[in-house]
Amino acid sequence: MAIKTAFLGKEYQISKNNISKTIKNISDIDFTFDHILFPNQIHSNKVLVIDSKEKIFEDDNRPQCDAIITDLKNVAIGVVTADCAPILLWDEKNNIIAAIHAGWRGALSKIIENTIMTMKKIGAENIKAEIGPMIQQDSYEVSQDLLDKFCHDDSQNNKFFIKSKIVDKFQFNLNGFIKNSLIESGLNDIKNSKLDTFTEEEKYYSYRRYIKRNKLEEYGRNISIICIN
């Protein structure tokens, strides 16, 4: 068996109303699947395990959570993002995979740690990770309030913020915070594209870019998926 991953951006015209059906029609993805599952993302630390076919759900009945784990063959799992981080995890030996959606709320509430802990509970050992395209520090201006939230949780989190040129604003290294969370959870094999969804305008959708320009046609979703074949 092999574990396959894909990070999809603007090159695919993916329907937000029927993600699963649209992806099934994309012919050049390098893997096959019988089912593809996306959570109803709520910026939480909730993790769902799909360890039997009875737990497979349909698009119109997606569970509220921000990470999915499975050990089922030919069942793809994924997340949608538009500046938040897509994180794919896998254990090749034990054939356990996970897909995580992590914005600042989920990352702060330990969606990453919860996912890794749950993977280990069902038998994962040597977990590898890949952080896909997401907003990077140079593009991510935040308020003092957000800095305070992270430093209240751990004063060492101050290192992920630098002062912005804009008064009373900071630039937040969410990518660095996520990588640090993976490392502190025991992972050492981490791929990190460091592609910026905000500046990579031709390739990726960005919610912040959409808000800044107020152009509805620029607002869509990037898709990240992983599957055991």
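Refer to the structure above for everything that follows.
Just so you know, these numbers come straight off a predicted model, no measurement behind them.

Trainee: Tell me about unusual backbone geometry, and please be specific about residues and values.
Mentor: Positioned with a positive phi, Asp 83 is a non-glycine residue whose angle comes to about 135 degrees. With respect to the secondary-structure elements, Asp 83 resides in the loop between β5 (75-81) and β6 (85-91). One non-glycine residue with positive phi stands out, namely Asp 168, at about 65 degrees. Along the chain, Asp 168 turns up in the loop between β10 (161-163) and β11 (169-172).

Trainee: Describe the nonpolar core, and please don't skip the residues or the numbers.
Mentor: Ranked by internal contacts, the top residues of the largest apolar core, which has 39 residues, are Ile 87, Leu 89, Phe 172, Ile 178 and Leu 182. What Ile 87 contacts, discounting residues up to four positions off in sequence, is Ala 98, Ala 99, Ile 100, Ala 102, Ile 112, Glu 130, Ile 178 and Leu 182. Ile 56, Phe 57, Leu 88 and Ile 228 belong to the second-largest nonpolar core, a separate cluster that totals 17 residues.

Trainee: Tell me what's going on with the environment of Ile 56, and back it up with residues and numbers.
Mentor: Within the fold, Ile 56 resides in the loop between β3 (47-50) and β4 (67-70). The class for Ile 56 is buried, based on a relative accessible area of 17%. What Ile 56 contacts, discounting residues up to four positions off in sequence, is His 35, Leu 37, Ile 50, Leu 72 and Val 75.

About the thresholds
- Residues numbered from 1 in each chain as written.
- Predicted model: local features only at pLDDT ≥ 70, side-chain atom pairs only at ≥ 80, totals over all residues.
- Heavy atoms only, no water.
- Helix = DSSP H or I, 4+ residues; strand = E, 2+ residues; numbered from the N terminus.
- Core = buried A, V, L, I, M, F, W, Y, C linked by side-chain atoms within 4.5 Å.
- Buried < 20%, exposed > 50% of the residue type's maximum accessible area, 1.4 Å probe, protein only.
- Contact = heavy atoms within 4.5 Å.

This is a description of form; function is not addressed.
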